[in-house]
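Here's the letter readout for the chains.
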Amino acid sequence: MAYYRKVGEVPRQRHTQLSGEDGRLRYEELMGEEGFSSDSSLLYHRGVPTAIAASEPWELPDLATSPNYPLRPLHLRLHTLFDDAEAKALDPVTARRLVLGNGDVRISYVVAGETSPYYRNAIGDECVFVEAGTGVVETVFGVVPYRAGDYVLIPRATTHRWVPAELSRLYAIEANSHISPPKRYLSRFGQLLEHAPYCERDLHGPDEPLLVDGSDVEVLVKHRVRGDVVGSRMTYATHPFDVVGWDGCLYPYTFNIEDYMPITGKVHQPPPVHQVFEGYNFVVCNFLPRKVDYHPLSIPVPYYHSNVDSDEVMFYVAGDYESRKGSAVALGSITLHPGGMAHGPQPGAVEASIGVHEFDETAVMVDTFRPLEVGEAGKQSDDGVYAFSAARGLRDRRD
């Protein structure tokens, strides 16, 4: 984030004294990225934020992955992974199941209805897409409400917990880096430019401090040991939600896809026009309801394409995705098209799209610049036949 925000009490000048009504000094914490040479915020605590009372291992769920070998496109049916009745007793952090991952990013899915433990990801930022459900994310910066269609952006090392108001379906993108708007959308000073498909008004951060009393508070911390993702269960002497005020450019926020303004053209536009965020070695895009190509001879669905440097992961959220008509892909599905392989519309979709003026589709795409491997949830939800659906469709059309 490069957009300044101030919440609660802060001193007039940074690194100077701030005391409460009881005369007790507040403790300043500088939370900053890239060795304090990038975005940061100053937080003012009632207690000492370094007071760790205990630490022990936290056993993470299965994060093992296997190569996509022999190479093939995949169709993963995420809605088969959770039973809604059982999911009411699950929480959005510890019940996540790994679908796909590599050394830069992990994609998980969870359906949950219970409040999560306090949690901090010390590996990278998280971008959690809310497929369905409402609730709030409580953080050291304050409360961030969420609803269907939100991207919830949580900076690395932010202590928080999820509090669903109803059963929530969450698509979690966990980076090993920071996640931000694409650089081409930003001025050299960090303002979103006029050609960007959204602006600062669309980003919603905390509005007031969240103060909770407590002692010996347990926080689950995800971190790395020798390159492996591991967890620690840390106990703090004072409650982490003791920040009376903060200011700066680093904080959690939401952005809803309803506020994204699709970019269209006379002919079909390439995927970069749909980009929302970027991290190291991956991008996040969304495809939304929109008017489509207006050239008199246009073909509205995508041309067949080989993204030679990227794996493409498409999560189908709502509507009827034009290029997948004629396949078994449905809402709640993921398709993975590995880099260097041509992919595109199902047989018959090109012809059926001619003359169409609008698309009613919602999908979230993650493109990675290193090959993705398949997690336990990806293996369980794989339909096993999608790779051969185009050939089968051609045979059916001939018959």
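As shown above, the structure is provided for reference.
These lines cover the structure that appears in this document, whether it is placed above or below. (Residues numbered from 1 in each chain as written. Predicted model: local features only at pLDDT ≥ 70, side-chain atom pairs only at ≥ 80, totals over all residues. Heavy atoms only, no water.)

**As for a nonpolar patch on the surface**
At step 1: Together, Leu25, Tyr27 and Val48 give the surface a local cluster of nonpolar side chains, amounting to about 240 Å² of exposed area.
At step 2: Here Tyr27 is to be found in strand S2 (residues 27–32).
At step 3: With a relative accessible area of 35%, Tyr27 lands in the partly exposed category. (Patch = residues over 30% accessible without salt bridge, like charges linked within 9 Å, V, L, I, M, F, W, Y side chains within 5 Å. Areas by Shrake-Rupley, 256 points an atom, 1.4 Å probe, with all protein chains shown as cover. Salt bridge = Lys/Arg side-chain N within 4 Å of Asp/Glu carboxyl O. Helix = DSSP H or I, 4+ residues; strand = E, 2+ residues; numbered from the N terminus. Buried < 20%, exposed > 50% of the residue type's maximum accessible area, 1.4 Å probe, protein only.)

**Digging into the sheet that holds strand S28 (residues 361–368)**
At step 1: Ordered by their spatial adjacency, six strands build an open sheet running S6-S25-S24-S28-S21-S20, and the pairing between neighbours is antiparallel. Strand pairing shows two members of the sheet lacking a second neighbour, strand S6 (74–77) and strand S20 (275–279), which therefore form its edges. Taking each pair of neighbouring strands and ignoring which way they run, the sheet shows an average axis angle of 15 degrees.
At step 2: Alignment of strand S24 (residues 311–319) against strand S25 (residues 333–337), held across four bridges, turns out to be antiparallel. (Pairing = 2+ DSSP bridges. Axes fitted to C-alpha atoms, helices over the stretch in contact; angles between N-to-C directions.)

**Section: the pairing of strand S3 (residues 40–45)**
At step 1: Of all six residues making up S3, five are buried, and the element is well covered by its neighbours.
At step 2: Across six bridges, S2 lies against S3 in antiparallel orientation. Counterpart to Glu29 in the pairing with S3 is Leu43.
At step 3: With five bridges connecting them, S3 and strand S18 (residues 243–248) associate as antiparallel partners. Following the sheet pairing, Leu43 is matched in S18 by Trp246.

**With respect to the sheet that holds strand S8 (residues 105–112)**
At step 1: Spatially, the eight strands line up as an open sheet ordered S5-S29-S7-S8-S15-S10-S13-S19, and their pairing is antiparallel. Of all the strands in the sheet, the pair left with one neighbour each is strand S5 (65–67) and strand S19 (253–256). Neighbouring strand axes in the sheet, compared pairwise and without regard to direction, differ in orientation by 20 degrees on average.
At step 2: The sheet contact formed by S8 and strand S15 (residues 168–175) spans eight bridges and is antiparallel. Across the sheet, residue Val105 finds its bridge partner in S15, namely Ala175.

**A closer look at the packing of aromatic side chains**
At step 1: For the structure shown, the criterion picks out 16 aromatic pairs.
At step 2: Judged by centre distance (6.2 Å) and plane angle (70 degrees), the rings of Tyr109 and Phe315 are edge-to-face. With Tyr109 in strand S8 and Phe315 in strand S24, this residue pair connects regions lying 206 residues apart in the sequence.
At step 3: For Phe315, a relative accessible area of 0% corresponds to the buried category.
At step 4: Here the aromatic cluster, defined as three or more aromatic residues joined through ring pairs, consists of Phe129, Tyr151, Tyr185, Tyr198, Phe255, Tyr260 and Phe277. (Phe/Tyr/Trp six-rings, centres within 6.5 Å; stacked < 30°, edge-to-face > 60°.)

**Section: the pairing of strand S10 (residues 126–132)**
At step 1: For S10, a buried count of six out of seven residues is recorded, marking the element as mostly surrounded by other parts of the structure.
At step 2: Of the pairings in the sheet, the one linking S10 to S15 comprises six bridges and is antiparallel in character. In the sheet register, Glu126 faces S15, and the bridge partner there is Glu174.

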